[in-house]
Each structure stands twice: as structure tokens, then as C-alpha cells.
Amino acid sequence: AQSVAQPEDQVNVAEGNPLTVKCTYSVSGNPYLFWYVQYPNRGLQFLLKYITGDNLVKGSYGFEAEFNKSQTSFHLKKPSALVSDSALYFCAVRDILTGGGNKLTFGTGTQLKVEL
Amino acid sequence: DGGITQSPKYLFRKEGQNVTLSCEQNLNHDAMYWYRQDPGQGLRLIYYSQIVNDFQKGDIAEGYSVSREKKESFPLTVTSAQKNPTAFYLCASTRKAGQGFSGANVLTFGAGSRLTVL
């Protein structure tokens, strides 16, 4: 089965500073990787995905992620953090279901806190 | 606007009661999913359905049941057999893989239902 790991439960960063939220993956075959964001008591919102092609993927709200095959990582980045970026971030990998079809397997999440 | 509607947003249940969480989508998506979210554990798959009248168990199906009688609807019943039902429940959907590669695999989520057992 495919899996992802988010090694940090929480990341703190000052507004205006660059932010990185880490994710490593373990897959057989080519990985399909995703980042989602969740605000309190809400569903998850899609930020970006890597399927193939450029290792630097650009997504919503100024976020980007860098796919690194040799390090099996897919870290989420933003050049300048905003207080409004404070939320719970999930990395996910596509997994193939028995009998066909897909599901997403999620990491445990990283709480991002951006402070003034 | 297209999207997924989950209801109720908050639900309280006494021990021993069954409760049903509603999930309706108007995105014309084929596949629908139920995930359970607990603090520090991420999201875990309960059940999924790829077409009408068919559904499969996910990783933590014990104590739950579902139906898929219509394409738009995928209700989840939390039964009294579920030992620890207090959690945040998320419904999601996606287009069938193959129907537009760029859209496949990207899940759209509802706003969630928070179940508390008293």
C-alpha cells in the first residue's frame, strides 16, 4: 500500500517569512501526490497535485510544492506566509483500490501557525 | 454552484443508537467516499462507492453501513456496533478515473459532520 508521512505535527512561522510543510512518501510505481488544506470545522480544500512533469508544482493561494524523487519528498512551500494561511495541511497519495478505482491515503496532518 | 452537502453539521447521539449522516453531491461524480477524521490520525477511509448500487469497505468499515441507491447520494449509518463513534466525518467525491485525466483523483470534500456520543 502507498503511504505518506508528515514528520511535523506543528510548524510555526512569522508572517512574511517563507514556510515549508514537509511530506515524504512511500509508493510502488509512479506517485500521484496531493496537498489539501483544512480550516477549523470545515472540509478539505484541494491545493495542488503532482502527477508527472515539472518537479515544481504551483497551486492555489500562492502555494507550491517540490517533488524530489531521490529524497521521496513532496514538501509544500510558500515564499511569504500570511496569518490567514494558518490551518491544518494534509499530504496525500493516490492508492489503487482492490477491484479498481482510486482512493487517497492521507498523512496525519501538520498544523501551520503563522504569527504576526 | 456545484458541491457536496453534508448534514447535519453537528449531531449528538446516545450510546446504543444508530444515526445516519447525509451526503449529497450535484457534481455528477461517479465515485463517493466516507472518511473519518480523528485528531492526530489524519483521515481514514470507511466506505467507498464507484457506481450506483455498489460499494466497498475501506480500512475501518466495522460498525458502519452505507447505501448508494442514487448517483447523487451516499448516506452513512453509524451503528451501535461502532465502539468509538465520536469523530468528524467527511464525505468526498471524484470523477471516475479515465473521464478526464486532469480531474480524476482529485477529491472534492463536503464541510463535514461532527458526531458526538453522549
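Quick notes on the rules
- Residues numbered from 1 in each chain as written.
- Chains lettered and ligands numbered in written order.
- Predicted model: local features only at pLDDT ≥ 70, side-chain atom pairs only at ≥ 80, totals over all residues.
- Heavy atoms only, no water.
- Contact = heavy atoms within 4.5 Å.
- Buried area = accessible area lost by both parts, 1.4 Å probe.
- Salt bridge = Lys/Arg side-chain N within 4 Å of Asp/Glu carboxyl O.
- Pairing = 2+ DSSP bridges.
- Helix = DSSP H or I, 4+ residues; strand = E, 2+ residues; numbered from the N terminus.
- Axes fitted to C-alpha atoms, helices over the stretch in contact; angles between N-to-C directions.
- Disulfide = S-S within 2.5 Å.
- Buried < 20%, exposed > 50% of the residue type's maximum accessible area, 1.4 Å probe, protein only.

Colleague: Before we go on, may I ask you to explain the interface of chain A and chain B in this structure?
Modeller: When the parts of a complex come together, some accessible area is lost, and that lost area is often used as the size of the interface. The interface is formed by 25 residues belonging to chain A together with 27 residues belonging to chain B. Here chain A and chain B share an interface that buries about 1900 Å² over both sides, 52% of which is from carbon and sulfur atoms. The interface formed by chain A and chain B holds 1 salt bridge in total. The partner of Asp59(B) in a salt bridge is Lys103(A), and the shortest N-O contact between them spans 2.9 Å.

Colleague: Mind showing me how you'd approach the pattern of salt bridges here?
Modeller: Note that side chains of opposite charge can pair when their charged atoms are close. A complete count under the given rule lists 8 salt bridges over all chains for this structure. Linked through salt bridges whose partners overlap, the residues forming this network are Arg36(B), Asp38(B) and Arg44(B).

Colleague: Looking at this model, I keep getting lost on the sheet that holds strand β7 (residues 64–66) of chain B. Mind explaining?
Modeller: Through backbone hydrogen bonds, the strands of a sheet pair up, either in parallel or in antiparallel fashion. All names here are of chain B. Taken together, the 4 strands give an open sheet; going across it, the order is β1-β3-β8-β7, and neighbouring strands pair in antiparallel fashion. The sheet is open, and its two edges are formed by β1 (4–7) and β7, each paired on a single side. Neighbour to neighbour, the strand axes of the sheet diverge by 20° on average, direction disregarded. Taken together, the 3 bridges between β7 and strand β8 (residues 76–78) define a ladder with antiparallel strand orientation. Within β8, the residue paired with Val66 across the bridge is Leu76.

Colleague: Please explain the state of the cysteines as it appears in this structure.
Modeller: Chemically, a disulfide is nothing more than a covalent bond linking the sulfur atoms of two cysteines. Enumeration according to the criterion identifies 2 disulfides over all chains in this entry. Paired by a disulfide, Cys23(A) and Cys91(A) hold their sulfur atoms 2.0 Å apart. Judged by the sign of its S-S torsion, about -65°, the cystine formed by Cys23(A) and Cys91(A) is left-handed. Of the two residues, Cys23(A) sits in the loop between β3 (19–21) and β4 (24–26) while Cys91(A) sits in strand β10 (residues 87–96), which places them 68 residues apart along the sequence. In this structure Cys23(A) comes out as buried when scored by relative accessible area, which is 0%. The class for Cys91(A) is buried, based on a relative accessible area of 0%. Disulfide pairing is shown between Cys23(B) and Cys91(B); the S-S distance is 1.9 Å. Judged by the sign of its S-S torsion, about -75°, the cystine formed by Cys23(B) and Cys91(B) is left-handed. In this pair, Cys23(B) sits in strand β3 (residues 19–25) while Cys91(B) sits in strand β9 (residues 87–94), placing the two residues 68 residues apart along the sequence. Here Cys23(B) matches Cys91(B) in class, with each residue buried.

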